[in-house]
Amino acid sequence: MREQTQEPLNRPEGKENAIFRYGRVIVFCLLVFMLIVLIVVNLKNWYFLLPISAVLLIENSVKIWAFKTYPPKIVCYVLDMFALLFLTYFSDGTLISIIYIIILSEFYLTQEKLAGSIAMCVCSAAIFLGTFAISNALDGEEVRVANLIASAFSDLLIIAIHFLVFNFAIQIYRKNKEITGTLVELNASNEKLRLAYNELQEITVLEERQRIAKDIHDTAGHSITTVIMQTEAAKLIIDNDPTDAKRKISAANLQAKHALEELRESVHLLSGTNEYLSLKDKLARILHESADGTGIAVRSDVDDIQLCDAKSRFVCNTLKEGISNGMRHGGATAFYFELKDRDGQISFLLSDNGAGMDLSALREGFGLTGMHRRAESLGGQVWFETAQDEGFEIHLTLPKDGGGEERK
């Protein structure tokens, strides 16, 4: 058979509640004091009252400090009833209601729910009346309910007022303790959230710095390498083919401008002072700087589209890379660029009039491979179209903000 465990008294976890720990000491001291007063007032019956009072005190000390569950306490409350019956009889009811109140106070302190206290108060009032009725019957007096209630009315009123005031104070105290505990837990949770938020901020800043460092390495570093290669090539052919050397120098100049712009943008991002330009303005500036000093012709058709920083940077970098590659590898002198919003998709097209090549012979280098990876990470795709002597086209599609999530 499974062993049955007794439910402990409703007390706070850990240390006992202060109101219970100190309250029971006060209750016991008051009980001792009132029993002494009762014996002094009824000194003629002290030899009866003293042993009954001693039994009551011993029983209550055991009930208060020894018993931790309710079943043993029920026996104690029954003993309380018999002890109070004898005290009522030998004291003629003097101060008995006060002793009732003291014993009830100990019970109220152990109750978390008001229903238990209400039941105990009603039972105690009934027992109080019954005790007086039995005492009167033992004295040979006629017991009448109306007379009994009338004579005990003031005592019953005191018991009722004590119940209301005492339990109201206890409930307020417990609610206050509960609210205080909740506030402490809330403050602890807020502190944990604050620490987590600070840690998240640090991680976010670190990730952003790493991303910017990678952008500098992938874009500016590649551009500067290309500038060095073009200027070295121009030096080798400047005497034999000044026109081609000039074209290479112009392309290198354009690439250097792009690299400088990328470095400035990265520095602004790191310092937190990045200037705000719309995507359309950024693209217009790139096209203007590309045409300025190189002699290339650029036509464009750009919608005013709002994109997040990651997508906006990718579109700008793709445009820069496409123009630079068209001039450097295809000898392009004219470009057509459009950026459109089509049914929730951002459509990017850059076309040039360069030499082009057989698509099957296309070998994607560092720049074109990077375009593929970045487009996929943003939920889009990129592809290329070219043919011999037919120029080169870059096609890119991206989901609008909210229409796709960047994949990690």
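Predicted, not measured: the structure shown is a model, and the values here were computed from it.

## Observations regarding the sheet that holds strand 3 (residues 345–352)
- Spatial strand order, 1-2-3-5-4: 5 strands in an open sheet with mixed pairing. In this open sheet, the two edge strands, each paired with only one partner strand, are strand 1 (297–302) and strand 4 (381–386). Between one strand axis and the next, the sheet turns through 10 degrees on average, direction left out of account.
- Summarising the sheet, strand 4 and strand 5 (residues 392–399) pair through 6 bridges and their orientation is antiparallel. Considered in strand 5, the bridge of Val-382 is made with Leu-396.
- Along the sheet face, helix 9 (residues 279–291) touches strand 1 and strand 2 (334–342) and points at about 170 degrees away from the line of strand 1.

## Thoughts on the pairing of strand 1
- Strand direction decides the pairing type here: strand 1 and strand 2, joined by 6 bridges, are parallel. In the strand pairing of strand 2, Ala-297 is matched with Ala-334.
- In this fold, strand 1 hands off to helix 10 (residues 309–330), which returns the chain to strand 2; that crossover is left-handed.

## Let's talk about the packing of aromatic side chains
- Throughout the structure, instances matching the rule amount to 9 aromatic pairs.
- With a centroid separation of 5.3 Å and an interplanar angle of 75 degrees, the aromatic rings of Phe-28 and Trp-65 are classed as edge-to-face. Pair noted here: Phe-28 is in helix 1 (residues 18–41) and Trp-65 is in helix 2 (residues 46–66), with a separation of 37 residues, a long-range link.
- According to the relative accessible area criterion, Trp-65 is partly exposed, its value standing at 34%.
- When the ring of Trp-46 is compared with that of Tyr-47, the centres are 6.0 Å apart and the planes differ by 75 degrees; the resulting orientation is edge-to-face.
- Trp-46 sits in the partly exposed class, given a relative accessible area of 43%.
- Owing to a relative accessible area of 46%, Tyr-47 belongs among the partly exposed residues under this scheme.
- Each member of the aromatic cluster is reached from another via a ring pair, and the members are Trp-46, Tyr-47, Phe-48 and Phe-90.

## Focus on the pattern of salt bridges
- Here the structure, examined in full by the defined rule, presents 11 salt bridges.
- Between Glu-106 and Lys-73 there is a salt bridge, with its nearest N and O atoms 3.2 Å apart. With Glu-106 in helix 4 (residues 96–109) and Lys-73 in helix 3 (residues 70–91), this residue pair connects regions lying 33 residues apart in the sequence.
- Relative accessible area serves as the criterion here: at 3%, Glu-106 is assigned to the buried category.
- The exposure class assigned to Lys-73 is buried, which follows from its relative accessible area of 0%.
- Note that Glu-178 and Lys-175 form a salt bridge whose closest N and O atoms lie 3.9 Å from each other. With Glu-178 and Lys-175 both in helix 7 (residues 153–237) and 3 residues apart, the pair spans about one turn of that helix.
- A residue is classified by how much of its surface remains accessible, and Glu-178, at 48% relative accessible area, is partly exposed.
- For Lys-175, a relative accessible area of 49% corresponds to the partly exposed category.
- Within the structure, one salt-bridge network assembled from shared partners comprises Lys-63, Lys-73, Asp-80 and Glu-106.

Procedures and definitions
- Residues numbered from 1 in each chain as written.
- Predicted model: local features only at pLDDT ≥ 70, side-chain atom pairs only at ≥ 80, totals over all residues.
- Heavy atoms only, no water.
- Pairing = 2+ DSSP bridges.
- Helix = DSSP H or I, 4+ residues; strand = E, 2+ residues; numbered from the N terminus.
- Axes fitted to C-alpha atoms, helices over the stretch in contact; angles between N-to-C directions.
- Contact = heavy atoms within 4.5 Å.
- Right-handed = clockwise from strand over helix to strand, strands pointing away.
- Phe/Tyr/Trp six-rings, centres within 6.5 Å; stacked < 30°, edge-to-face > 60°.
- Buried < 20%, exposed > 50% of the residue type's maximum accessible area, 1.4 Å probe, protein only.
- Salt bridge = Lys/Arg side-chain N within 4 Å of Asp/Glu carboxyl O.

No statement about biological role is implied by the geometric values presented.
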